[in-house]
Amino acid sequence: MNPMKRILTLAIAGLLTACTSQISINDVLLQQELDRTIYLRGDFTLWDAEPQYQFAPVGPALYQAQVKFSTPGKVYEFKIADADFSEGYNCGYSDAQPAGQKLTLGQPAIADCNTIYNYFSFTPAIKGTYIVSIDYSDYDKPQVTITKK
């Protein structure tokens, strides 16, 4: 076999091997873990970063924190942010979100993590513990969801 055909054959074999190897989205996302601690910060914490409201990883690119809302019908305001409200880690509602700042139970909302004033709001119908999730699967458009525990 001449050298040119050998190189071409090896190149094609390499391409076919590369095409058949499986890389899942989880392999990529696991490498994009947050490099700092983030907190649920709101009127119920006086906007402080408190340890009991720290987000914990629960899956690839998915973080959750729990909060107890004790007053049904009250509007609670909050953001997801690091200890310093740093750029890129200061997440509130996105201006592109049609519903604006109000979160609806179980409905994801796009967050803007470079906002200063855009906080989320949520009005629980019943008192209890709620889970706030932030999904960084699309790092440029993370999604925030609130569910009842």
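For the structure itself, look to the data block above.
Residues numbered from 1 in each chain as written. Predicted model: local features only at pLDDT ≥ 70, side-chain atom pairs only at ≥ 80, totals over all residues. Heavy atoms only, no water.

Caption draft 1: Structural detail: the pattern of salt bridges. A full pass over the atoms with the stated rule returns 3 salt bridges. Here Asp43 makes a salt bridge to Lys74, at a shortest N to O gap of 3.4 Å. Here Asp43, found in the loop between strand 1 (39-42) and strand 2 (56-59), pairs with Lys74, found in the loop between strand 3 (62-69) and strand 4 (76-81); they are 31 residues apart in sequence, far enough to count as distant. Within the structure, one salt-bridge network assembled from shared partners comprises Asp35, Arg36 and Asp82. (Salt bridge = Lys/Arg side-chain N within 4 Å of Asp/Glu carboxyl O. Helix = DSSP H or I, 4+ residues; strand = E, 2+ residues; numbered from the N terminus.)

Caption draft 2: Quick peek at the nonpolar core. Counting 28 residues, the largest nonpolar core has Leu40, Phe55, Ile80, Val132, Ile134 and Tyr136 as the members making the most contacts within it. Per-element accounting of this core gives the leading share, 4 residues, to strand 3. In this view, Ile80 contacts Ile38, Tyr39, Leu40, Phe55, Tyr89, Asn90, Cys91, Val132, Ile134 and Val144; residues no more than four positions away in its chain are not counted. (Core = buried A, V, L, I, M, F, W, Y, C linked by side-chain atoms within 4.5 Å. Buried < 20%, exposed > 50% of the residue type's maximum accessible area, 1.4 Å probe, protein only. Contact = heavy atoms within 4.5 Å.)

Caption draft 3: Region of the structure containing the pairing of strand 2. Where strand 2 meets strand 3, 3 bridges bridge the pair, whose relative direction is antiparallel. Residue Gly59 lies in a different strand from strand 3, and its bridge partner there is Leu62. Linking strand 2 to strand 3, which pair antiparallel, is a turn of 2 residues; within it Ala61 sits at a positive phi near 65°. (Pairing = 2+ DSSP bridges.)

Caption draft 4: Spatial organisation of the environment of Gly88. Here Gly88 is to be found in the loop between strand 4 and strand 5 (90-93). As a C-alpha pair, Gly88 and Asp112 span 24 residues in sequence and 8.4 Å in three-dimensional space. The contacts of Gly88, once residues within four sequence positions are left out, are Cys113 and Asn114.

Caption draft 5: Examining the packing of aromatic side chains more closely. The final tally for this structure, using the stated rule, is 12 aromatic pairs. Centroid distance Phe69 to Phe122: 5.9 Å. Interplanar angle 35°. Geometry classified as tilted. Taken together, the residues Phe69 in strand 3 and Phe122 in strand 7 (residues 120-122) connect sequence positions 53 residues apart. Phe69 gets classed as buried once you look at its relative accessible area, which sits at 0%. Take Phe122: its relative accessible area is 4%, and that puts it in the buried class. Note that Lys74 overlies the ring of Tyr76, its terminal NZ or CZ placed 4.5 Å from the centroid. (Phe/Tyr/Trp six-rings, centres within 6.5 Å; stacked < 30°, edge-to-face > 60°. Lys NZ or Arg CZ within 6 Å of the ring centre and 35° of its normal.)

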